[in-house]
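# Structural description and commentary
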Amino acid sequence: MARLLTRLYEAETPRMLRGGDDARVELLFRLIRHDETVVRNGLILEEEDGSVVGYGALSPGAGQRRPTPLGPVLREARALLGTNAALTFVGGYAKLQSLVCAPLPADTAQLHSLVVDPALRGRGLGQQLVGRLEDGARRTGHRAVLLYCLEGNPAVRLYQRHGYRHTSTPPIAGPRRFLRHPGSALVKSLTADATESCAWAVADPTPVRLA
């Protein structure tokens, strides 16, 4: 899963995670190990051989994620990437946390960290992943889901076709309000009729494991 998440950073924040491939994957592995909510709140798409081909996470509106302390992140990044690359990564990491850890209404869940193996795009895995996460939000009583698209992410058009609409970005108190990647917030109501709520359904679904 760490290798897949490095692809997410490369696609959405291409100058944030620098260094050799093995070092970058190891850094993401260590961050996942330190923050158990990455797995606990995540949905993993697996092939029959157990390889991870997609991942996404759902954070509840009540009790949103707490930002990861940046000191340990800097130490791990510096040991693996070097000082300059570590400072760049931690600065970007803080900006990302300002998005995924923003306070939300209790009835709104947040989708984040959505990624599919680039080699397998076109098979409907992204649609399935989002659909399963939306179903999880419904089962836990949420009436809406919110996600962020960083500036330049072409997926925003896909989300809009499936019921997501631009909305204001939830406010953050304190200095973190100045630390945000440019992008837009999108929200989707989960109380629409069944036709819209099933828009993400795909035939012949890939096996899914809920971690």
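Along its 14 residues, helix α2 (residues 21-34) runs 20 Å from first to last C-alpha, staying within 8% of the 20 Å computed at 1.5 Å per residue. Among all positions of α2, only A23, R24, V25, L27, L28, L31 and I32 are buried.

Counting buried positions along strand β2 (residues 52-59) yields seven of eight residues, so the element is predominantly enclosed. Pairing geometry for strand β1 (residues 42-46) and β2, over five bridges, is antiparallel. Residue pairing in the sheet places I44 in a bridge with Y55 of β2. Pairing analysis gives five bridges linking β2 to strand β3 (residues 108-116), with the strands arranged antiparallel. Residue pairing for β3: G54 is matched across the bridge by V116.

A few words now on the pairing of β3. Burial runs high along β3: eight of the nine residues are buried. Where β3 and strand β4 (residues 144-150) come together, three bridges link them in parallel fashion. Considered in β4, the bridge of Q110 is made with L146. For the crossover that starts at β3, traverses helix α6 (residues 125-139) and ends in the parallel β4, the hand is right-handed.

Our focus in this paragraph is the packing of aromatic side chains. In the structure shown here, the tally under the stated rule is three aromatic pairs. Aromatic rings pair up to connect Y9, F89 and Y93 into one cluster.

Residues Y9 and F89 are the most contacted members of the largest nonpolar core, which totals 33 residues. Elements with a minimum of two residues in this core: α1 (2-12), α2, β2, α4 (70-81), α5 (83-100) and β4. Element by element, the count of residues in this core is highest for α5, at seven residues. For F89, the contacting residues outside a window of four places in its chain are Y9, M16, L17, L27, L31, V73 and A77. Listed in part, the 22 residues of the second largest apolar core include L43, A109, L120 and L190.

Moving on, we come to the packing of α4 against α5. Put simply, α4 and α5 touch, their axes get as near as 8 Å, and they point 145 degrees apart. Regarding α4 and α5, the two cross each other, and that crossing is right-handed. Here α4 contributes L70, V73, L74, A77, R78 and L81 to the contact with α5, which in turn contributes T83, A85, A86, L87, F89, V90, Y93, A94 and Q97. Taken together, the residues of the contact of α4 with α5 sort by class into twelve nonpolar, two polar and one charged.

Another aspect to go through is the side chain of H142. Residue placement: H142 occurs in the loop between α6 and β4. For H142, a relative accessible area of 10% corresponds to the buried category. Engagement of the side chain of H142 in a polar contact is seen with the side chain of T140, the distance being 2.8 Å.

To continue, consider the packing of α2 against α4. Remark: α2 packs on α4, axes separated minimally by 9 Å, with the N-to-C direction vectors making an angle of 160 degrees. It follows that α2 is roughly antiparallel to α4 by the angle criterion. Between α2 and α4 lies a crossing whose hand is right-handed. Contacts between α2 and α4 involve A23, R24, E26, L27, R30, L31, R33 and H34 from the first element and V73, E76, A77, L80 and L81 from the second.

This next bit is on the pattern of salt bridges. Inspection of every chain in the model, using the stated rule, returns nine salt bridges. Residues R3 and D21 are paired through a salt bridge, measuring 2.7 Å at the closest nitrogen-oxygen approach. Residue R3 is found in helix α1, and its partner D21 is found in helix α2; the two are separated by 18 residues along the sequence. Residue classification places R3 among the partly exposed positions, given a relative accessible area of 41%. The shortest N-O distance in the salt bridge between E10 and R24 comes to 2.8 Å. Linking E10 in helix α1 with R24 in helix α2, this pair joins segments that are 14 residues apart in sequence. Of the residues examined, E10 reaches a relative accessible area of 30% and is grouped as partly exposed. By relative accessible area, R24 is classed as buried at 12%.

Rules used throughout
Residues numbered from 1 in each chain as written. Predicted model: local features only at pLDDT ≥ 70, side-chain atom pairs only at ≥ 80, totals over all residues. Heavy atoms only, no water. Helix = DSSP H or I, 4+ residues; strand = E, 2+ residues; numbered from the N terminus. Expected span 1.5 Å × (residues − 1). Buried < 20%, exposed > 50% of the residue type's maximum accessible area, 1.4 Å probe, protein only. Pairing = 2+ DSSP bridges. Right-handed = clockwise from strand over helix to strand, strands pointing away. Phe/Tyr/Trp six-rings, centres within 6.5 Å; stacked < 30°, edge-to-face > 60°. Core = buried A, V, L, I, M, F, W, Y, C linked by side-chain atoms within 4.5 Å. Contact = heavy atoms within 4.5 Å. Axes fitted to C-alpha atoms, helices over the stretch in contact; angles between N-to-C directions. Left-handed = near helix turned anticlockwise from the far one by under 90°. Nonpolar A, V, L, I, M, F, W, Y, C, P; charged D, E, K, R; others polar. Polar contact = N/O pair within 3.5 Å; in protein donor to acceptor, adjacent residues only side chain to side chain. Parallel < 35°, antiparallel > 145°, perpendicular 65-115°, else oblique. Salt bridge = Lys/Arg side-chain N within 4 Å of Asp/Glu carboxyl O.

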